[in-house]
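Secondary and tertiary structure notes
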Amino acid sequence: MDIVNGKQDSLLKVEGLKQYFGKGKSLVKAVDDVSFEIKKGQIYGLVGESGSGKTTVGRSIIRIYDPTGGSIRFKGTEITGKLDKEKKQLITSGIQMIFQDPMASLNPSKKVFDIIAQGVDIHHLASSDAERKDMVYEMMEEVGLNPSYADRYPRQFSGGQRQRIAIARTVILKPDLIIADEPISALDVSIQAQIINLLKQLQQKYGTTILFIAHDLSMVRYLSDVVGVMNHGHIVETGDTEEVFNNPKDQYTIDLLEAIPRMNPRRTEI
Ligand SMILES: Nc1ncnc2c1ncn2[C@@H]1O[C@H](COP(=O)(O)OP(=O)(O)OP(=O)(O)O)[C@@H](O)[C@H]1O
Ligand SMILES: [Mg+2]
């Protein structure tokens, strides 16, 4: 983490973010007045029930949506409103997203090598073909994929391996911010911890800042430095992860944490 005189630099500052869909009777206030900050090198866990607005927050930040209101400052620059060339460049080179379903996010007709190299080509990150190859093979090793699989297609991998491919093609770009939207939800429980550990390991190595969106509170507790709890489009509580888990202040957070044992299959044996 970049800690200067005890203070960390702010990487992302979201203030009063609103993201509405539809009009009139069909108006959905998916995100309504959401504010939070992520410091450089932090992992910020965004939790909350299905439909609370977590994905919408992530998509608004990376500008898949056009925010209805509020401010998003990334590396000190306002990235809401009209996107000029510079802002677009700032977002595309600085923010990457990892999705829940790696199969849907990987082009099935492309070989793994080309999938991982794609961003390298777009952003002109390699100065020669040899460097490009080295970058891809190194990154494959780094995420636990055998480089000899580079000529295979996504369908020839397991779900966990596919998520490793998705992580590799993201991390190779060395983005400042990764938005990981339920990156483990589609995976077997036994594989989930492996992927979480991989994210943690890569975060420590590259100092990447991560917005980690998840349902699983134990994974969020394990991975995140700071947590935000969403309910009905609002962040009802945010703070240091251990502080929020040990001493929740908001009633919704308390209810959410109390629901954990009930979701624990071992408890049903009582
Ligand atoms: N493009 C859209 N158009 C209309 N409504 C939308 C759109 N995207 C999301 N919504 C609505 O906004 C609300 C928040 O959705 P969102 O996907 O952000 O929730 P979530 O917290 O990510 O849920 P989950 O945990 O199930 O992924 C929901 O009511 C959803 O139906
Ligand atoms: Mg979602």
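Everything numeric in this text was worked out from a predicted model, so none of it was measured.

Side note on helix α1 (residues 54-61)
With 6 of its 8 residues buried, α1 lies for the most part within the structure. Three or more residues of α1 are buried, namely Lys54, Thr56, Val57, Gly58, Ser60 and Ile61. Positioned one or two residues after α1, Arg63 has a phi angle of 65 degrees, which is positive.

Re unusual backbone geometry
For Asp33, which is not a glycine, the phi torsion comes out positive at approximately 65 degrees. With respect to the secondary-structure elements, Asp33 resides in strand β4 (residues 28-39). Here Asp33 falls in the partly exposed class, since its relative accessible area comes to 48%. Positive phi, normally seen in glycine, also occurs at His124, with a value near 50 degrees. The topology assignment puts His124 in the loop between α4 (112-122) and α5 (129-142).

Digging into the sheet that holds strand β12 (residues 234-240)
With mixed pairing, the 6 strands of this open sheet are ordered in space as β8-β9-β10-β5-β11-β12. The strands lining the two open edges of the sheet, one partner per strand, are β8 (95-98) and β12. The average angle at which neighbouring strand axes cross in this sheet is 15 degrees, direction not considered. Across the sheet, helix α6 (residues 159-171) lies against β8 and β9 (177-181), angled at about 180 degrees from β8, the strand it touches most.

Some remarks on the sheet that holds strand β6 (residues 69-74)
Adjacent strands of a sheet form backbone hydrogen bonds with each other and so pair up, either parallel or antiparallel. Strand order in the open sheet made by the 4 strands is β4-β3-β6-β7, with antiparallel pairing throughout. Only two strands of the sheet have a single partner each, and these edge strands are β4 and β7 (77-78). Here strand β3 (residues 10-21) runs beside β4; their pairing, made up of 9 bridges, is antiparallel. Counted as the bridge partner of Tyr20 is Lys29 from β4.

Comments concerning the packing of aromatic side chains
One pass over the full model with this rule turns up 4 aromatic pairs. Each ring, one from Tyr149 and one from Phe157, has its centre 6.0 Å from the other, and the planes form 65 degrees; the classification is edge-to-face. When the ring centre of Tyr222 is taken as origin, the NZ or CZ atom of Lys200, which lies over that ring, is 4.3 Å away.

Quick word on the pattern of salt bridges
By the definition in use, this model includes 7 salt bridges. A salt bridge links Arg132 to Asp121, with the shortest nitrogen-to-oxygen separation between them at 2.8 Å. One end of the pair, Arg132, is in helix α5; the other, Asp121, is in helix α4, and 11 residues separate them in sequence. With a shortest N-O distance of 3.7 Å, Arg132 and Asp129 are connected by a salt bridge. Placement of the pair is Arg132 and Asp129 together in helix α5, with a separation of 3 residues, close to one helical turn. The class for Arg132 is buried, based on a relative accessible area of 18%. On the basis of relative accessibility, which here comes to 48%, the residue Asp129 falls in the partly exposed class. If you follow the salt bridges from partner to partner, you end up with Asp121, Asp129 and Arg132 in one network.

How each quantity is defined
- In every chain, residue numbers begin from 1 and rise along the written sequence.
- Chain letters and ligand numbers both follow the written order, the letters beginning at A and the numbers at 1.
- Reporting in this predicted model follows two pLDDT cut-offs: at least 70 for local features of residues, and 80 or more for side-chain atom pairs to be given and counted; totals over whole chains, interfaces and linings ignore these cut-offs and use all residues.
- By convention in this description, side-chain values take in all heavy atoms of the structure and omit both hydrogens and water.
- Three labels apply to residues, based on accessible area from a 1.4 Å probe with only protein chains included: buried if under 20% of the type maximum, exposed if over 50%, partly exposed otherwise in between.
- Runs of H or I in DSSP of at least four residues are treated as helices and runs of E of at least two as strands, each being numbered from the N terminus.
- Strand pairing is assigned whenever DSSP identifies at least 2 bridges connecting the two strands.
- Only the stretch in contact is used when fitting a helix axis, every axis being a line fitted to C-alpha atoms; angles between N-to-C directions are given from 0 to 180 degrees.
- By the convention used here, residues are in contact when the closest approach between their heavy atoms is within 4.5 Å.
- When the centres of two rings from Phe, Tyr and Trp lie within 6.5 Å, Trp using its six-membered ring, the rings pair. Their planes under 30 degrees apart give stacked, over 60 give edge-to-face, and anything left gives tilted.
- Over a ring means this: the NZ of a Lys or the CZ of an Arg is within 6 Å of the ring centre and within 35 degrees of the ring normal.
- Every case where a carboxyl oxygen of Asp or Glu lies within 4 Å of a side-chain nitrogen of Lys or Arg is listed as a salt bridge.

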